[in-house]
Every structure is written in structure tokens, then in C-alpha cells.
Amino acid sequence: MTPSPPSAAHPSPAAPAAPVRVTWARANARRIRRQFLAAPADAPAAAGPAAVAGAMLGAHAQVLSAAELSVALRTTAATRADVRAALWEDRSLVKTFGPRGTVHLLPAADLPMWTGALSALPAGRNAQPEGVRMTAEQTDEVVTAIADALTGAELTVDELTDAIVARTGPWAGERVMDAFQDKWPRWRQITHVAGHRGVLCFGRDRGRKVTYTNPGVRPEPGERALGELVERYLRAYGPATPAHFAKWLAAPAGWAAGLFAELAGAGRIEEVSFEGPSGRAAEEVAAWVVAGDTDFPEERPAHGVRLLPYFDAFTIASQPRERLFPGEAYGRALAGGQAGNFPVLLVDGTVAGVWHQRRSGKRIAVTVEPLRPLGAARLRELEERAGRVAAVLEGRAELTVGPVTVGPHA
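Asker: Describe the overall build of the protein chain, listing the residues and the values that go with them.
Answerer: When helices and strands are tallied, the protein chain shows 15 helices and 16 strands. At 24 Å, the protein chain has a C-alpha radius of gyration in line with the 22 Å of a compact globule built from 410 residues. By the burial criterion, 51% of the 410 residues in the protein chain qualify as buried. Long-range pairs, those at least 24 residues apart, make up 64% of the contacts in the protein chain with a sequence separation of at least 6. Summed over its atoms, the accessible surface of the protein chain is roughly 19,000 Å², and 53% of this surface lies on carbon and sulfur atoms. Taken as two groups, the 46 positive and 43 negative side-chain charges of the protein chain have centres that lie 4 Å from each other.

In C-alpha cells, the structure reads:
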């Protein structure tokens, strides 16, 4: 039987709209603008270190001087002293354990979201051997002891170890963890867990000794915090896939896919078609942005020369990595495919070389190794960028264009 054609009273359902198509150039230009990297004028005058760190989704601070540089370079005129003041004086920044369990500078105002989200991540496999690893019950006991010991105090590792042992028992302080040709107390395997649960962050160094304190934060409920984190990540680094988000967070890919599906079902994120690693239309991938956040710059590269330090958030989070590190840059500026181990030179939004800086008193020797020759206009701009690096570091720049002989950061 031949079906009757649809009538005006029963129209055919409308076909779903095709996803918005986003090229690499447009996505990259928007990321750079939202990262306050396009030009100093693009950063509002009121955007201090905490606001900038929030836009970056945290500044990687395993090397604190690199984090200071990452944040200050995104402001109009801040120096490392301004970042330190935000961290230790007005406390608008907090040094703690962020994504991937690594040390980050995070805005204090964002800690409820961060701790809620990070403490809700699926627990990975404990890499410690049998007889060293802690049980879930022991972990909870130590976290409670840390919260109590650090409230209103700044304690060194040794002082905190004594305080934990006094509250839990000798087992927590047994030196059984292999670390840097030494043995650490058992409890230290969950230092980042205590940070993620909001009861531990870094205090001021006491001489050469690290101290910890309790930031006194109440984590947001996990589901709400994770949804907010995804949206912030997509605004900063979208379009992105669940696999990109999982890699950035060091979380299981399958779990991230489920989280994105839930948010898509709730109408909080929407799918776009994103140019893949090769740039060929046949290899475009389904990626995601915050619902309604589909405004991208015109089809042109992010113009300009920029210097980004070790472990800069932009180089670590931007995907696909093959587009940010094209051609020779993939081998020269990455360490086995891992981003962040070299400071990088960006030219028109993609990695085009590496650089290094060495301090001697007020003199900041900046050596830049471009992968292709730079014209006169680019060299003048590079001089300005090197000068800004030196100003952040409260010194004066001496620029050399030539080979960088320093290897990747460990």
C-alpha cells in the first residue's frame, strides 16, 4: 500500500538542523581572545590575577615562577609581585592541587566549584604497592586529621606528619613511600586528595620548607560542580570532545562521555562539527560548546607573536594538539607528545619555536629559537614581547634569536 502524502494538517517533522561548522582557525582565535592573549587591550583594566587565572581554568604552578609569568603576561601591566600579592596578601588566589592532581593557582572564589568537581571524579587505581597503599577508611581518617590540624595553622610537612600521627596512629607516619630517592610518610600519598576535598592548600614557604594550611572551603555538590566545570572548560577551550576533557582532567574517557551526554540531554551543551587534526572536511569530528555559545571570530588566524612559559594552560588544554603544534613544532616543542615542557613561541596562534630565559641580577637573557625566519616586523614585535617578559620578572631584557640548548623540563 502506497502511503498518502503528508497533509497540511499533518506536516512532516522538520529535519534536525545541521551542527554549526567550526574551523581550527576560528576556534583558536576565540580561545586566544578568551585567554587574554590577543592583546593587552583585550583584558579589562579590572582583570587582576584572580580573574585571569579563572579564565585560564587555573595556572599550572608546579614551577611557581612559570605560573606567575603565565598569569601576569595576560594582564596589562602586572608583575610577578602582583601575582604574589594576590596569592599571599589578599588571598584572591590559592595554590593547591588542581586538575590532573598537579599544583595550580586557582581563584579563591572558584574553590567550592573546583573542590566539588575534583572530589567527585572517579577514583583511579592506587599505584602504591600492597602494604603501602591506604584503604578508603584510612584515607577518610587522614583527611579528617588534616582538616583539624591545619585549621588556623600553617604547618610544614614534618609538623603535619606529627599532627596526623597524633590523631590517627603511627601507621600514617610510617616512611614506606618511595619518593625522590627517599621514603615519605604513608599519609602523603593522599595529599592531593585532601586538596581536592577542600581541607588542604599551600601556605607561605617557611625558608626552604613548604607549608600547608586549611582554606576552609565547603565543596559544592559533585554533580552541580562537574556541570559547571564542563561549561567553563568549553567556554575557554571549546569546541572540545569528551576525550579532550578527559585528557585535560586525567579522568576516564568513558566517564567523560557519559557526563557530556547527560549535559547534552539537559540542553546545557550543544554539538558542533569541528575541524580535525588533518584539516580535511572528511575528518571533522563531533565536538561540543556551551549551548548557544556558537559565536566565533571571522575566518582568519590569531595574528601576532607571543611568548608563553613552561606549562602554560593554553598549550596544555588546546586540542587537537597537531594543529597547535604543526609540522616541525610537534617534534621540537613537545616532549614525547606532552605539552608544557618547553616555553613556546606562538606566531599567528600556532607554535613556531621555543624559548628560554635566564636571570642574572636585573638582566633577563631571553633566547628565542624560531622554526622559520622572522621578518623585520615580527622581530620588532618579538623584542616587545621579550621586554614584557622581563618587566613581569622585574628586570630588563636582552634578546637573542638563536638555538635554545636547554632541554625539556622534567
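Asker: I'd like to hear about empty space enclosed by the protein, residue by residue, with values.
Answerer: Counted according to the given criterion, the structure contains two cavities of 30 Å³ or more. Considering only enclosed or pocket space, the largest cavity measures out at about 70 Å³ in volume. Taken together, 14 residues line the largest cavity, and the ones lying closest to its centre are Gly58, Arg100, His104, Trp248 and Ala313. At the level of elements, β2 (59–60) and α12 (313–317) are the ones that each hand at least two residues to the lining of the largest cavity. A per-element tally of the lining of the largest cavity places α12 first, with three residues. Looking at side-chain class alone, the lining of the largest cavity contains nine nonpolar, three polar and two charged residues.

Asker: For the packing of helix α9 (residues 222–237) against helix α10 (residues 242–249), give the residues involved together with the corresponding values.
Answerer: Direction vectors running N to C along α9 and α10 enclose 105°, while the axes themselves pass 12 Å from each other. Here α9 is positioned roughly perpendicular relative to α10, judged by the angle of their axes. For the pair formed by α9 and α10, the contact residues are Leu229, Val230 and Tyr233 on the first element and His244, Phe245, Trp248 and Leu249 on the second. Within the contact of α9 with α10, the residues separate by chemical class into six nonpolar, one polar and no charged.

Asker: Residue-level account of unusual backbone geometry, with values.
Answerer: Following Gly238, the chain continues into Pro239 via a peptide bond in cis, with omega recorded as 0°. Topologically, Pro239 is positioned in the loop between α9 and α10. Of the consecutive residues Gln319 and Pro320, the connecting peptide bond is found in the cis state with omega at 0°. With respect to the helices, strands and loops of the structure, Pro320 is situated in the loop between α12 and α13 (321–324). A positive phi is found at Phe311, a non-glycine position, where the angle reads about 55°. Mapped onto the elements of the fold, Phe311 is located in the loop between β12 (305–308) and α12.

Asker: Would you mind going over the layout of surface pockets in detail, with residue names and values included?
Answerer: Approximately 1,600 Å³ is the volume found for the largest pocket. Elements with a minimum of two residues in the lining of the largest pocket: β3 (93–97), α6 (136–150), β6 (175–179) and α8 (191–196). Counting residues per element, the lining of the largest pocket draws most heavily on α8, at four residues. Taken as a whole, the second largest pocket encloses approximately 310 Å³ of empty space. His60, Arg100, Ile316, Gln338 and Ala339 are, among the 18 residues lining the second largest pocket, the residues nearest its centre. Listed by contribution, the elements that provide at least two residues to the lining of the second largest pocket are α10 and α12. Considering each element in turn, the lining of the second largest pocket owes the most residues, three residues, to α10. Of the residues contributing to the lining of the second largest pocket, the split by class is eight nonpolar, seven polar and three charged.

About the thresholds
- Residues numbered from 1 in each chain as written.
- Predicted model: local features only at pLDDT ≥ 70, side-chain atom pairs only at ≥ 80, totals over all residues.
- Heavy atoms only, no water.
- Helix = DSSP H or I, 4+ residues; strand = E, 2+ residues; numbered from the N terminus.
- Rg over C-alpha atoms; globule rule 2.2 N^0.38 Å.
- Buried < 20%, exposed > 50% of the residue type's maximum accessible area, 1.4 Å probe, protein only.
- Contact = heavy atoms within 4.5 Å.
- Areas by Shrake-Rupley, 256 points an atom, 1.4 Å probe, with all protein chains shown as cover.
- Lys, Arg positive; Asp, Glu negative; His and termini not counted.
- Charge placed at Lys NZ, Arg CZ, Asp CG, Glu CD.
- 1 Å grid on protein atoms, 1.4 Å probe; cavity = no way out; pocket = protein on both sides within 12 Å on 5 of 7 lines; lining within 4 Å.
- Points joined across faces, edges and corners; volume = space filled by probe spheres on them.
- Nonpolar A, V, L, I, M, F, W, Y, C, P; charged D, E, K, R; others polar.
- Axes fitted to C-alpha atoms, helices over the stretch in contact; angles between N-to-C directions.
- Parallel < 35°, antiparallel > 145°, perpendicular 65-115°, else oblique.

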